[in-house]
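Working through the structure, step by step
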Amino acid sequence: MEIIVLETYHEISQVAAEIVVRSMQQTEKIVLGLATGSTPVGLYQELVARYKKNEVDFSNAVTFNLDEYVGLEPEHPQSYNSFMEQHLFGEINVPIKQQYIPPSNISNLKEIDRFCLWYEEEIQRHGGIDLQILGIGVDGHIGFNESSSSLQSRTRLTTLARSTIEANAKFFDRQIDVVPKMSITMGVGTIMEAKRCILLANGENKAKAVANAIEGPITASVPASALQMHPNTTILLDASAAKNLKHLEYYKWVYQNKRELETQM
Ligand code: GLP
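Heads up: these notes are all about the structure in this document.

A look at helix H3 (residues 80–89)
For H3, the full list of buried residues reads Tyr80, Ser82, Phe83, Met84, Leu88 and Phe89. Among the structural elements, strand E2 (31–34), helix H2 (41–52), strand E3 (62–65), strand E4 (67–70), strand E5 (99–100) and helix H5 (162–168) are those in contact with the buried residues of H3.

What follows is the structure, encoded as structure tokens:
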């Protein structure tokens, strides 16, 4: 894993955007895996700004979102469909037929299973995910893969942990009772097949989950810890999210050396 610790949220968002833009420049068609939540908002703002300056073109991009709540109208302001429209899709030029995101309004189990299989097939049909953006939950979840998710799990229906419902209540006027309890999420196994992953985390409330994911044992109790086995993952942290890391100085030293080498090239 490459672990990049920078001072601020703004800086990690900028570096993440640079990685996305460079990856897009290296290929004709990119398949992006996208995340929601407050963490990637700064990254999306930067991508929108670069798109508006004609620095990046999304017309050949295909996007697959990680997850969606079950039991909300797609137009609900807190559905991840609405989130994506507001923060990214409404502002850039990814053609709508190239935007894949689970629907929030299917509740029939058979239909959900059918959808999940289809989603996996579509990811394969597009050649797999080239670059997967991730956030992390306070309990170490990725997507909506909560503790106990198999590290080989695929896209499926999951139940949110109490801590996730409480954390996400901030988007629902702090009304815990209206936060959906279930979701459709890509599995940990699905995420692990992405060619590259970038996980972003900021703020002190993520420090414990970040330390467990990076330095703890690989365990289904902390689904993000599976990334220790991923061959090409970059973790971008602000100073607060990094504060519980035992080997923080080493990670900073590695990054500093890499930067020095890059400037010599
Ligand atoms: C949400 C999403 C995750 C996200 C995480 C952190 O529940 N399902 O994909 O990474 O929790 O959210 P936030 O960025 O708002 O802290």
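That covers the picture; the talk isn't over yet.
Some details on the layout of surface pockets
The space that makes up the largest pocket amounts to roughly 540 Å³. Looking at the largest pocket, it is lined by 20 residues, and the ones nearest its centre are Glu18, Ile19, Arg22, Arg196 and Lys258. Among the secondary structure elements, those contributing two or more residues to the lining of the largest pocket are strand E1 (2–6), helix H1 (9–25) and helix H8 (248–264). If one sorts the elements of the lining of the largest pocket by residue count, H1 sits on top with six residues.

Notes on the pairing of strand E8 (residues 182–185)
When E4 meets E8, the two strands line up antiparallel, connected through four bridges. Across the sheet, Asp67 pairs through a bridge with Thr185, a residue of E8. When strand E7 (residues 156–159) meets E8, the two strands line up antiparallel, connected through four bridges. Along E8, the bridge assignment pairs Thr158 with Ser183.

Structural notes on empty space enclosed by the protein
Taken as a whole and judged by the stated rule, the model has one cavity of 30 Å³ or more. Every residue along the wall of the largest cavity is listed here: Met1, Ile136, Leu199, Val210, Ala213, Ile214, Ala224, Leu227, Gln228 and Ile235. Among the elements that take part in the lining of the largest cavity, helix H7 (residues 207–215) stands out by supplying three residues, more than any other. For the lining of the largest cavity, the class distribution of residues is nine nonpolar, one polar and no charged.

Observations concerning H1
Over its 17 residues, H1 extends 24 Å from the first C-alpha to the last, a length consistent with the 24 Å expected when each residue adds 1.5 Å. Looking only at H1, the buried set comprises Ile12, Ser13, Ala16, Ala17, Ile19, Val20, Val21, Ser23 and Met24.

A look at the environment of Arg114
Checked against the element boundaries, Arg114 lands in helix H4 (residues 109–125). Exposure remark for Arg114: the relative accessible area of 56% places this residue in the exposed category. In this structure the C-alpha to C-alpha distance between Arg114 and Glu11, which are 103 residues apart in sequence, comes to 40 Å.

Here's the deal with the packing of H1 against H2
Put simply, H1 and H2 touch, their axes get as near as 8 Å, and they point 55 degrees apart. When the axes of H1 and H2 are compared, the pair comes out oblique. As for the relative orientation of H1 and H2, their crossing is right-handed in sense. Where H1 approaches H2, its residues Tyr9, Ser13, Gln14, Ala16, Ala17, Glu18, Val20 and Val21 are matched on the opposing element by Val41, Gly42, Leu43, Glu46, Leu47 and Arg50.

The rules behind the values
- Residues numbered from 1 in each chain as written.
- Predicted model: local features only at pLDDT ≥ 70, side-chain atom pairs only at ≥ 80, totals over all residues.
- Heavy atoms only, no water.
- Buried < 20%, exposed > 50% of the residue type's maximum accessible area, 1.4 Å probe, protein only.
- Helix = DSSP H or I, 4+ residues; strand = E, 2+ residues; numbered from the N terminus.
- Contact = heavy atoms within 4.5 Å.
- 1 Å grid on protein atoms, 1.4 Å probe; cavity = no way out; pocket = protein on both sides within 12 Å on 5 of 7 lines; lining within 4 Å.
- Points joined across faces, edges and corners; volume = space filled by probe spheres on them.
- Pairing = 2+ DSSP bridges.
- Nonpolar A, V, L, I, M, F, W, Y, C, P; charged D, E, K, R; others polar.
- Expected span 1.5 Å × (residues − 1).
- Axes fitted to C-alpha atoms, helices over the stretch in contact; angles between N-to-C directions.
- Parallel < 35°, antiparallel > 145°, perpendicular 65-115°, else oblique.
- Left-handed = near helix turned anticlockwise from the far one by under 90°.

Coordinates in, geometry out; function isn't part of it.
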